Amino acid sequence: MSLSAVLLAAGSSPSPTPSESPTVTVPTLQDAQESATNAASWVEENWSTWLAIGLRVLLILVIAGILRVVVRRAITKLIDRMNRTVQAVDGTALGGLLVNAERRRQRSQAIGSVLRSVASFLILGTAGLMVLGTFEINLAPLLASAGVAGVAIGFGARNLVTDFLSGVFMILEDQYGVGDQIDAGVATGEVIEVGLRVTKLRGDNGEIWYVRNGEVKRIGNLSQGWATAGVDVTVKATEDLDKVKATLDEVADKMGKEEPWNELLWSPIEVLGLDSVLLDSMVVRVSAKTMPGKSLTVERELRWRIKRAFDAADIRIVGGATAAAEEDADADPTAAVAAPSVYANTASPQAQAATPITPAGPAAPVK
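Reading the values: the criteria
Residues numbered from 1 in each chain as written. Predicted model: local features only at pLDDT ≥ 70, side-chain atom pairs only at ≥ 80, totals over all residues. Heavy atoms only, no water. Pairing = 2+ DSSP bridges. Helix = DSSP H or I, 4+ residues; strand = E, 2+ residues; numbered from the N terminus. Phe/Tyr/Trp six-rings, centres within 6.5 Å; stacked < 30°, edge-to-face > 60°. Lys NZ or Arg CZ within 6 Å of the ring centre and 35° of its normal. Patch = residues over 30% accessible without salt bridge, like charges linked within 9 Å, V, L, I, M, F, W, Y side chains within 5 Å. Areas by Shrake-Rupley, 256 points an atom, 1.4 Å probe, with all protein chains shown as cover. Salt bridge = Lys/Arg side-chain N within 4 Å of Asp/Glu carboxyl O. Lys, Arg positive; Asp, Glu negative; His and termini not counted. Charge placed at Lys NZ, Arg CZ, Asp CG, Glu CD. Buried < 20%, exposed > 50% of the residue type's maximum accessible area, 1.4 Å probe, protein only. Axes fitted to C-alpha atoms, helices over the stretch in contact; angles between N-to-C directions. Contact = heavy atoms within 4.5 Å. Polar contact = N/O pair within 3.5 Å; in protein donor to acceptor, adjacent residues only side chain to side chain. Core = buried A, V, L, I, M, F, W, Y, C linked by side-chain atoms within 4.5 Å. Parallel < 35°, antiparallel > 145°, perpendicular 65-115°, else oblique. Left-handed = near helix turned anticlockwise from the far one by under 90°. Nonpolar A, V, L, I, M, F, W, Y, C, P; charged D, E, K, R; others polar.

Trainee: What's the story with the sheet that holds strand 1 (residues 181–183) in this structure? I'm lost.
Mentor: Backbone hydrogen bonds are what pair the strands of a sheet, in a parallel or an antiparallel way. Taken in spatial order, the 5 strands line up as 4-3-2-1-5 in an open sheet, and their pairing is antiparallel. Of all the strands in the sheet, the pair left with one neighbour each is strand 4 (208–212) and strand 5 (220–221). Pairing geometry for strand 2 (residues 188–194) and strand 3 (residues 198–202), over 4 bridges, is antiparallel. Residue pairing across strands places Glu190 opposite Arg202, the latter belonging to strand 3.

Have a look at this one:
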């Protein structure tokens, strides 16, 4: 190769310098057309899959929404039917004695709220998992994480979960309701509000007790079914039993025919007989079934009537410290004083005879 050819080649392709910028390649119309063709082919290949996934998701959401509405309406109708039944019974005479409308209303509302919440959670939760499965998302890690989080939350809020579950079962089993007089162990009083976590009680002195449902280990309901009014009458052991029984029967018969005691008494007042017999007294037991929560009222009225009837019949009621005090009042006040002793008088022969003999002095010497 000649030198002129080498120089010509070097001049035609000079070496680049650092100050020169690289050449930018401008896409041509043919390149843009190829990209659009590839995108269109990719969409054409996958649009059916997208459409199927979208329709499947839409179908899941529609079915979940319809099922949720149907279940919630069914629960609402069931609760309304329970309320109508209570209102129908409440209009009768028997319903006035057996049914507490406010208690039934609150219980039905609480049950309906719990059932609707549980139904919504189950339906929407299942629909959400199905939607995630439609997008081919691996649910195993999600379910594992949810399980761990649920265990951690349950352990941290175990008292809250215990209170909630206890309240749910308490309401479902109708253990007590508004207006009931209960003994919850930690507190005693009238139920004024029933919740899923806390029950409010009104104490005898007007105080309000907030009792957590999870802390209640046993419940004594004094307002369900019927109550028992029992009165013990203590009389002298010398009283005529036939007279005492006849007087009590007269009081019971008269009280059972008067208003409003004839409604509060659910059985005739019975004289059960002698409950105990002591040396100076005997106890006669009187009992009757009453409306729930009205036993104390009936007992007070029955004691009042028995006392007046016994006073009119000249039958003496005794008992406890009162009887002992009356016996002391009737006794001779000098009976407990000891007789004077003859030894109290030093000049009496008995006192002188009991005086010790003083020893004689030494005898004088004989001269």
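Trainee: Looking at this structure, I do not really get the packing of aromatic side chains. What am I missing?
Mentor: Tallied over the entire structure, the rule returns 0 aromatic pairs. The side chain of Lys289 reaches across the aromatic face of Trp226, ending 4.2 Å from its centre.

Trainee: Can you help me understand a positive patch on the surface in this one?
Mentor: A cluster of basic residues, Arg73, Lys77, Arg81 and Arg84, forms a positive patch on the protein surface. Within the fold, Arg84 resides in helix 2 (residues 29–90). In this structure Arg84 comes out as exposed when scored by relative accessible area, which is 51%.

Trainee: Hey, could you run me through the sheet that holds strand 7 (residues 270–277) in this one?
Mentor: Taken together, 3 strands build an open sheet; the order of strands is 6-8-7 and the sheet is antiparallel. Edge positions in the sheet fall to strand 6 (227–236) and strand 7, since each has one partner strand and no second. Ignoring strand direction, the axes of neighbouring strands in this sheet form an average angle of 25°. Helix 9 (residues 295–312) contacts strand 6 and strand 8 (281–290) of the sheet and is inclined by roughly 25° relative to strand 6.

Trainee: Any chance you could explain a nonpolar patch on the surface here in plain terms?
Mentor: A grouping of Trp47, Leu51, Leu55, Leu58, Val62, Ile66 and Val70 is seen on the molecular surface, where their side chains present a nonpolar patch of about 680 Å² in accessible area. Take Leu51: it is sitting in helix 2. A residue is classified by how much of its surface remains accessible, and Leu51, at 43% relative accessible area, is partly exposed.

Trainee: How should I be thinking about the side chain of Asp163 in this particular structure?
Mentor: With respect to the secondary-structure elements, Asp163 resides in helix 6 (residues 158–172). On the basis of relative accessibility, which here comes to 2%, the residue Asp163 falls in the buried class. Among the polar contacts listed, one links the side chain of Asp163 to the backbone nitrogen of Gly214, at a separation of 2.9 Å. With sequence-adjacent residues up to four places away left out, Asp163 is seen in contact with Leu196, Arg197, Arg212, Asn213, Gly214 and Glu215.

Trainee: Before we go on, may I ask you to explain the nonpolar core in this structure?
Mentor: If you look at soluble globular proteins, the nonpolar side chains tend to sit buried side by side. Core analysis: the biggest nonpolar cluster contains 25 residues, and Leu248, Ile269, Leu302, Ile306 and Phe310 have the highest contact counts within it. The set of elements that each furnish at least two residues to this core consists of strand 6, helix 7 (241–256), helix 8 (261–264), strand 8 and helix 9. What Ile306 contacts, discounting residues up to four positions off in sequence, is Val231, Val233, Leu248 and Val251. Grouped together as the second largest cluster of nonpolar side chains are 17 residues, Ala110, Ile111, Met170 and Ala187 included.

Trainee: Whenever I open this one, the packing of helix 7 against helix 9 confuses me. Can you help?
Mentor: Helix-helix packing is described using two parameters, namely the angle between the two axes and the distance between the axes. Viewed as axis vectors pointing N to C, helix 7 and helix 9 meet at an angle of 130°, and their least axial separation amounts to 10 Å. Comparing their axes, helix 9 and helix 7 come out oblique. For the pair helix 7 and helix 9, the crossing hand works out as right-handed. Seen from helix 7, the contacting residues are Val244, Thr247, Leu248, Val251, Lys254 and Met255; seen from helix 9, they are Val298, Glu301, Leu302, Arg305, Ile306, Ala309 and Phe310. Here the residues of the contact of helix 7 with helix 9 are counted per class, giving 9 nonpolar, 1 polar and 3 charged.

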